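# Coordinate inspection notes
The primary structure of each chain is shown beneath.
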Amino acid sequence: MQVELTRFRVKKGKEELVDQWMEFLNEHMNDALLTLDGEKMFVETIMRDTMGQHDYLYWYSIQADDGDSNSETERCIDSKHLDYFHKCIDITYRPKNLKTEVVMIPQRIKKQIEAAAKEEA
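Notes on the structure follow. Only a predicted model underlies this, so the values are computations on that prediction, with no experimental measurement involved.

Note that Ser-61 resides in strand β3 (residues 54–63). The exposure class of Ser-61 is buried, given its relative accessible area of 9%. Among residues more than four places away in sequence, those in contact with Ser-61 are Gln-2, Val-3, Glu-4, Met-41, Val-43 and Glu-44.

Turning next to the pairing of strand β2 (residues 41–51). Sheet topology places β2 next to β3; 10 bridges connect them, and they run antiparallel. Paired with Met-41 across the two strands is Gln-63, which belongs to β3. Hairpin connection from β2 to β3: 2 residues lie between these consecutive antiparallel strands, with Gly-52 at a positive phi of about 60°.

Across soluble globular proteins, nonpolar side chains have a tendency to be buried as a group. Among the nonpolar cores identified, the biggest contains 15 residues, and Val-18, Trp-21, Met-22 and Leu-57 are the most heavily contacted of them. Breaking this core down by element, the ones donating at least two residues are α1 (15–27), β3 and α3 (76–88). Looking at this core, the element that brings in the most residues is α1, giving 6 residues. In contact with Trp-21, not counting residues within four places along its chain, are Leu-57, Trp-59, His-81, Tyr-84, Phe-85, Cys-88 and Ile-89.

If you walk through the whole model with that rule in mind, you get 5 salt bridges. Between Arg-48 and Asp-19 there is a salt bridge whose closest N-O contact spans 2.5 Å. Taken together, the residues Arg-48 in strand β2 and Asp-19 in helix α1 connect sequence positions 29 residues apart. A salt bridge links Lys-87 to Asp-83, with the shortest nitrogen-to-oxygen separation between them at 3.2 Å. Of this pair, Lys-87 and Asp-83 both sit in helix α3, 4 residues apart, which is roughly one turn of the helix. The class for Asp-83 is partly exposed, based on a relative accessible area of 36%. One connected set of salt bridges, linked through shared partners, spans Asp-19, Arg-48 and Asp-55.

Quick notes on the rules
Residues numbered from 1 in each chain as written. Predicted model: local features only at pLDDT ≥ 70, side-chain atom pairs only at ≥ 80, totals over all residues. Heavy atoms only, no water. Helix = DSSP H or I, 4+ residues; strand = E, 2+ residues; numbered from the N terminus. Buried < 20%, exposed > 50% of the residue type's maximum accessible area, 1.4 Å probe, protein only. Contact = heavy atoms within 4.5 Å. Pairing = 2+ DSSP bridges. Core = buried A, V, L, I, M, F, W, Y, C linked by side-chain atoms within 4.5 Å. Salt bridge = Lys/Arg side-chain N within 4 Å of Asp/Glu carboxyl O.

Remember that the coordinates give geometry; whether it matters functionally is a separate question.
In structure tokens, the structure reads:
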């Protein structure tokens, strides 16, 4: 099981576009959730913060070890999501993968995650 938290910097001037992006994902949540099975992604959360003069987006995820986090399916939701990503994320800033120190998941939930990881999508 992979538990990750990654920080991406938002391009200056794209803050309102990020608002639209997050609104789009929330409005199309059912479609977004359908893409997670193919990636064996159990939890994906996007958080936002401002530090200094920059906005940052943080991706928190729990995924099966053999999950495909780079899945670029042809689904409309994925292509729109990736379009927003490319327009909003500052590629000159290297994404920061925060170091996982402790993962606290109750055993009953962990067993369900492990069972789901074994299922075929």
